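A look at the structure
Residues per chain, in single letters:
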Amino acid sequence: MVVTLAIACLVAPTTPATAASHGHRFTPGAPGAGDPYFPQEGNGGYDVAHYDLSLDYTPASNALVATARIKARATQDLSRLDLDLKQLTVNSVQVDGRDARFTRKGQELVVTPRAGLRKDTRFTVTVAYAGTPKSVRRPDLGEFGWIRTPDGAYVVSEPDGASTWFPSNDHPTDKATYTYRVTVPKGTQVLSNGEPGGEWTRGGRSTFVWNERSPMASYLAMLAIGKFTVRKGRTEGGIPVITAVAPNRADELKTIHEGTIKAIDWEEKVFGRYPFASTGGIRVGVDVAFSLETQSRPIYGYRPDTPTIVHELAHQWFGDSVSVRRWKDIWLNEGFATYAEWLWDEQHGGPSAKQTFDNLYGKTEDWPYYNELWRDREAGDPGTDELFTLTPYWRGGMTLQALRDRVGDRAFFALLKAWTSAHRDGNVTTEQFIDLAERISHKRLDGLFDAWLYTKDKPTTW
Ligand SMILES: [Zn+2]
């Protein structure tokens, strides 16, 4: 994510609901994934493999009528399971085609199947729901989630907005593949993650199918609904590109399309093979404070400059393919995407990343962001409401420059590629990054990371 301007760039179960049969002890899945930053986000007891989302949406009234078919596997003998869903009305829930009991409790949709689900059983939860989706707000971002535009809507869900529009296991640790079937009034278009899977018009309404075949964190699921000018092409490396801009942003199409191709071709050289089957970008017709690295195809909420395009596309490796296990490690996304901007400058006639580091390091207390960067919080554990402040971004990027200075270019660039290939489609922690950096460089690096990530004050030695 790039935020403009400043960064320039449990609910405990009330009843045990335990049932025993044939020697199995069925217990409820946990109502959270165990992330201290977002205790209710995600759920325990199952692992989603695939979301099949059928949505009928009318922009004029913001009316959504939808069915989510969620294919999952039980990871325990499961008496009950939670999904995350905010605001919308649930009309029915079935498990493997049989009606299931359900209740709502805050953002938890609590589903009790007729019979317990044995560990390792594959099952499908079908949720029929409807309503008028609304955005949500965060102190560091403003509005996010489902956002209406004059002729449609779009979705930017990081970190916990996916539950504003579909029932999900809303935590990055449960990645899944997606099929979207979105029906809208004829003349309206739908773009999404992944690749198009067909479209047809019947009775004045058009249906668009999109498939995301690579595992994806729920916060990266994206729709852009409205009128768009679409351009298709390929990168030099042959990756299909689909870019789209709203009609009132037509003048940005060339910049986004060509900028995407240049950025992906360069990033493949520096970070390794592009992790997904297609790429592109979408410029929505309204201006919001941020752009988001929605998988395969970022959403741009303002006119993107080259650093923004480089940043959001760097996230395809750092954040989307290699995803955080806990939100406190957000610097693994944002520090790396920021460093990608600095590296781009370095290799395209601008200042070196070291010069950018030196410039930031040399700022004095009268600089407006001094406290944010050097006093207020740790880059490696910024706090729930401070995920998208500049500390994890800039200090995260500076951490990588400090590492590069210590281990040398050869080990550093080998590390970037080793990291993206070892953890492709996976989830990671900072500890894993430190371990890999130590193995590749044959150096002890805990002091460096302590100084840069886990100390609020400006490091003086590392
Ligand atoms: Zn970012």
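The written sequence of each chain sets the order in which its residues are numbered from 1. Note on the predicted model: pLDDT of at least 70 is required for a residue's local features to be given, and 80 or more for side-chain atom pairs to be given and counted; whole-chain, interface and lining totals, by contrast, use all residues. With hydrogens and water stripped out, all remaining heavy atoms of the structure feed into the side-chain values.

How we decide: UniProt positions are given in the numbering used here, feature names are shortened, and annotations may be inferred rather than shown by experiment.
Per an unreviewed UniProt entry, the chain goes by the name Aminopeptidase N and belongs to Actinomadura litoris. The annotation that UniProt attaches to the chain under Catalytic activity (unreviewed entry) is "Release of an N-terminal amino acid, Xaa-|-Yaa- from a peptide, amide or arylamide. Xaa is preferably Ala, but may be most amino acids including Pro (slow action). When a terminal hydrophobic residue is followed by a prolyl residue, the two may be released as an intact Xaa-Pro dipeptide."

What to know about the UniProt feature "domain: Aminopeptidase N-like N-terminal" (unreviewed entry) in the chain
For clarity, the cut-off: Every helix listed is a DSSP run of H or I at least four residues long, and every strand listed is a run of E at least two residues long, numbered separately from the N terminus.
The residues that UniProt annotates with the feature "domain: Aminopeptidase N-like N-terminal" (unreviewed entry) are residues 50–220. Annotation note: span residues 50–220, helix share 0%, strand share 63%, distance between end C-alpha atoms 14 Å.

Overview of the packing of aromatic side chains
The geometry of an aromatic ring pair is captured by two quantities: the separation of the ring centres and the angle between the planes. Put simply, the rule is: Note on aromatic pairs: the rings of Phe, Tyr and Trp (six-membered ring only in Trp) are paired at centre separations within 6.5 Å, and the planes decide the class, stacked below 30 degrees, edge-to-face beyond 60, tilted for the rest. Accessible area is worked out with a 1.4 Å probe on protein chains only. A residue is then buried under 20% of its type maximum, exposed over 50%, and partly exposed in between.
As enumerated under the stated definition, the model contains 37 aromatic pairs in all. Here the aromatic rings of Y339 and W342 are separated by 6.0 Å at their centres, their planes lie at 65°, and the arrangement is edge-to-face. Here the residue Y339 and the residue W342 both occupy positions in helix α3 (residues 331–347), the gap between them amounting to 3 residues, near one helical turn. Given a relative accessible area of 2%, Y339 falls into the buried group. Judged by relative accessible area, W342 falls into the buried class, the value being 6%. Judged by centre distance (5.6 Å) and plane angle (75°), the rings of Y339 and F412 are edge-to-face. With a gap of 73 residues between them, Y339 in helix α3 and F412 in helix α7 (residues 409–422) connect regions that are remote in the sequence.

A closer look at the domain arrangement of the chain
Worth spelling out the cut-off: Domain boundaries shown here were taken from an automatic or database domain assignment. Note on contacts: a residue pair is in contact if any heavy atoms of the two residues lie within 4.5 Å. Here the quantity called buried area is the accessible surface, traced with a 1.4 Å probe, that two parts lose on coming together, added over both. One side-chain nitrogen of Lys or Arg within 4 Å of one carboxyl oxygen of Asp or Glu is enough to make a salt bridge. Under the grouping applied here, Gly and all other residues not named as nonpolar or charged are polar, the nonpolar ones being Ala, Val, Leu, Ile, Met, Phe, Trp, Tyr, Cys and Pro and the charged ones Asp, Glu, Lys and Arg.
Partitioning the chain into domains gives domain 1 (2–219), domain 2 (228–316) and domain 3 (322–453). In this structure, domain 1 and domain 2 have C-alpha centres spaced 26 Å apart. Counting residues at the interface gives 26 residues for domain 1, matched by 26 residues for domain 2. Of the roughly 2100 Å² buried where domain 1 meets domain 2, counting both sides, 60% is carbon and sulfur surface. Linking domain 1 with domain 2 are 0 salt bridges. Broken down by secondary-structure element, the contributors of at least two residues to the side of domain 1 that touches domain 2 are β1 (2–3), β13 (142–149), β14 (152–156), β16 (189–192), β17 (195–202) and β18 (205–216). Considering every element that reaches the side of domain 1 that touches domain 2, the biggest residue donor is β18, with 5 residues. For the side of domain 1 that touches domain 2, the per-class residue count stands at 14 nonpolar, 8 polar and 4 charged.

Some details on the coordination of the zinc ion
To keep it simple, the criterion reads: Metal donors were taken as nitrogen, oxygen and sulfur atoms no farther than 2.8 Å from the ion, or 3.2 Å where the ion is Na, K or Ca. Water is excluded, so coordination may look unfinished.
Distances from the zinc ion to its protein donors, M1 (N), M1 (O), H311 (NE2), H315 (NE2) and E334 (OE), fall at 2.0 to 2.2 Å. Look at H315 and you get buried, because its relative accessible area is 0%.

Comments concerning the pattern of salt bridges
If you walk through the whole model with that rule in mind, you get 22 salt bridges. With its nearest N and O atoms 4.0 Å apart, the salt bridge here joins K86 to E41. Separated by 45 residues along the polypeptide, K86 in the loop between β6 (78–84) and β7 (89–95) and E41 in the loop between β3 (24–28) and β4 (46–58) bring together distant segments of the chain. E41 shares its class with K86; the two are buried. Where D405 meets K354, a salt bridge forms, and the shortest distance between an N and an O atom there is 2.9 Å.

Points about the pairing of β7
Successive side chains on a regular strand alternate, one facing one side of the sheet and the next facing the other. We count it as follows: The criterion for strand pairing is that DSSP finds at least two bridges linking the strands in question.
Here 6 bridges tie β7 to strand β11 (residues 122–131), and the two strands are oriented antiparallel to one another. Residue pairing for β11: V93 is matched across the bridge by V127. The pairing of β7 with strand β8 (residues 98–99) spans 2 bridges and is antiparallel. When the bridges of β8 are listed, V95 appears paired with R98. Between β7 and β8, which pair antiparallel one after the other, the connecting turn spans 2 residues, and D96 there sits at a positive phi close to 50°.

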